[in-house]
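Commentary on secondary and tertiary structure
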Amino acid sequence: MIKSIQITNRKQLLLAFLLLPVWYLLYANLQNISDFLIDTVFQMQKGTHLSETLRFFIFEVPKVLLLLVLIIFGVGIIRSYFSPEKTRNALAGKSTFMGNILAALLGVLTPFCSCSAIPLFLGFVEAGVPLGVTFSFLIAAPMVNEIALIMLGGLFGWKTAIIYTLTGLLIAVFAGYLIGVLKLEKYVQAWVFEVKTGQAGTDETKMNFSHRIKVGLDTVKEIVGKIWLYIVIGVAIGAAAHGYVPEDYMAALMGKSAWYSVPLSILIGIPMYSNAAGIIPIVSVLIEKGASLGTSLAFMMSVIGLSLPEIIILKKVLKMPLILAFVGIVAAGILCVGFIFNFIY
Amino acid sequence: MEIKVLGPGCKKCGTLAEAAKKAVEELAIDANITKVDDMVKILSYGVMSTPALVINEKVVVSGKVPSVSEIKEFIQNA
């Protein structure tokens, strides 16, 4: 029995290693493939709106999907070492600031779905994780993640991806720190403090490495299965704008010279709800058409990091003043990021 | 046998309940499947990431949807 499991695991390992060169060959030749399809197979005229739209689409969709599959696989393996329970234990009783930094970093690495924000919040508070530290986690977890990193890297270059990640982490650390300093515990719904959590009896932590590879593959299946459609739609909108919208069309509205563009795009972004996969292809086109980097980053962070559905969910455990403080502080952080990058670039 | 699916009613929780039902049918055992969506009760199991599967008051999986064959294994080991 054990032997047969080992053999299937070895087969999976072998398959994974054989797929790597195939992956690389595909990725390295995407531009050639899309050019070949457009110019030779479809025989389309170069430089028309339609041919450039299609060329962009045929190039970008597989590029983003290939990157996603590889990196989500890696992240899935890394994530198998983390769990909300372990993160909670690591954060319990931590002092502020150092705790905020740790929480933001763990927010990136711990597997998290916004639908379990409430049990996670309750579990953290009950274990004695300070409120501000809990918020650092809750802000970082949806905003800074591997999907955002890959898509930004693929569509805008790695410099932008790193800037986004670092500033996202900074916002999470400082917003959480500020919420901690303001002592807003009284605006947490009273019943939260009465919750008693049991000790979970799962022993999922004991995994060998080939099991973790399976976890990585499962994660790819789950996440790519969930977001591929967003990517196709997002890139399709992006491709259409790439081909048809004139250059500098967005410059007046979202360009550097329009100072009000940063707060405006944050306000527009709050009620909008999308994950990184859906919004980033659209933002990449905004930038191509003359929107400035700071304004675009602010818009993206606002859409991903602050969302109306999340606020409604949080209403169950938080009173209005704390929700407003949370939204206000995060929005202010995003505002700073937007202004600073419009100023630098 | 008591099988409980913990979750506030997200899509994954429904998927897990379906999978648990299928596993029970395939094993042809006598089991009671209930959904728990009350947050306080969910927390009382120490679960912080939903959905979670509880068999005879013991948490066997949390934070992901296991496959039908995995659930069958959990049931047989319970």
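Reference entry: report on the structure contained in this document. Small disclaimer: the values here were computed from a predicted structure and weren't measured.

**Structural notes on the pairing of strand β2 (residues 32-36) of chain B**
All names here are of chain B. Pairing between strand β1 (residues 2-6) and β2: 5 bridges, direction parallel. Paired with Ile-3 across the two strands is Ile-33, which belongs to β2. Chirality of the crossover, the property in question, places the unit of β1, helix α1 (residues 11-27) and β2 among those that are right-handed.

**Looking at the nonpolar core**
If you look at the biggest cluster of nonpolar residues, it comprises 101 residues, and the most contacted ones within it are Phe-121, Ile-147, Tyr-164, Ile-280, Met-300, Leu-318 and Phe-326 of chain A. Per element, the largest residue contribution to this core is 11 residues, and it comes from helix α16 (residues 320-344) of chain A. Once residues within four sequence positions are removed from consideration, Tyr-164 of chain A is found in contact with Met-143, Ala-148, Leu-152, Leu-297, Met-300, Met-301 and Ile-304 of chain A. One finds Ala-19, Ala-23, Leu-53 and Val-60 of chain B within the second-largest nonpolar core, a separate group that totals 13 residues.

**A closer look at the packing of aromatic side chains**
Any aromatic ring pair is given by two values, namely how distant the centres are and how the planes are angled relative to each other. All names here are of chain A. A complete count under the given rule lists 7 aromatic pairs over all chains for this structure. With centroids separated by 5.2 Å and ring planes inclined at 80°, the aromatic side chains of Phe-97 and Tyr-177 adopt a geometry described as edge-to-face. Of the two residues, Phe-97 sits in the loop between α4 (84-91) and α5 (98-109) while Tyr-177 sits in helix α9 (residues 158-181), which places them 80 residues apart along the sequence. Residue Tyr-177 is classed as partly exposed on the basis of its relative accessible area, which comes to 30%. Here the aromatic rings of Trp-259 and Tyr-260 are separated by 6.0 Å at their centres, their planes lie at 85°, and the arrangement is edge-to-face. Look at Trp-259 and you get exposed, because its relative accessible area is 58%.

**Description of the interface of chain A and chain B**
Each partner contributes to the interface: chain A provides 22 residues, whereas chain B provides 19 residues. Summed over both partners, the interface of chain A with chain B comes to about 1700 Å²; 61% of that surface belongs to carbon and sulfur atoms. For the pair chain A and chain B, the number of links is 1 salt bridge. With a shortest N-O distance of 3.2 Å, Glu-222 of chain A and Lys-12 of chain B are connected by a salt bridge. Looking at the side of chain A that touches chain B, the elements with two or more residues in it are α4 and α6 (117-126) of chain A. Top element by residues in the side of chain A that touches chain B is α6 of chain A. It accounts for 6 residues. Among the residues forming the side of chain A that touches chain B, the class breakdown is 10 nonpolar, 7 polar and 5 charged.

Conventions and cut-offs
- Residues numbered from 1 in each chain as written.
- Chains lettered and ligands numbered in written order.
- Predicted model: local features only at pLDDT ≥ 70, side-chain atom pairs only at ≥ 80, totals over all residues.
- Heavy atoms only, no water.
- Pairing = 2+ DSSP bridges.
- Helix = DSSP H or I, 4+ residues; strand = E, 2+ residues; numbered from the N terminus.
- Right-handed = clockwise from strand over helix to strand, strands pointing away.
- Core = buried A, V, L, I, M, F, W, Y, C linked by side-chain atoms within 4.5 Å.
- Buried < 20%, exposed > 50% of the residue type's maximum accessible area, 1.4 Å probe, protein only.
- Contact = heavy atoms within 4.5 Å.
- Phe/Tyr/Trp six-rings, centres within 6.5 Å; stacked < 30°, edge-to-face > 60°.
- Buried area = accessible area lost by both parts, 1.4 Å probe.
- Salt bridge = Lys/Arg side-chain N within 4 Å of Asp/Glu carboxyl O.
- Nonpolar A, V, L, I, M, F, W, Y, C, P; charged D, E, K, R; others polar.

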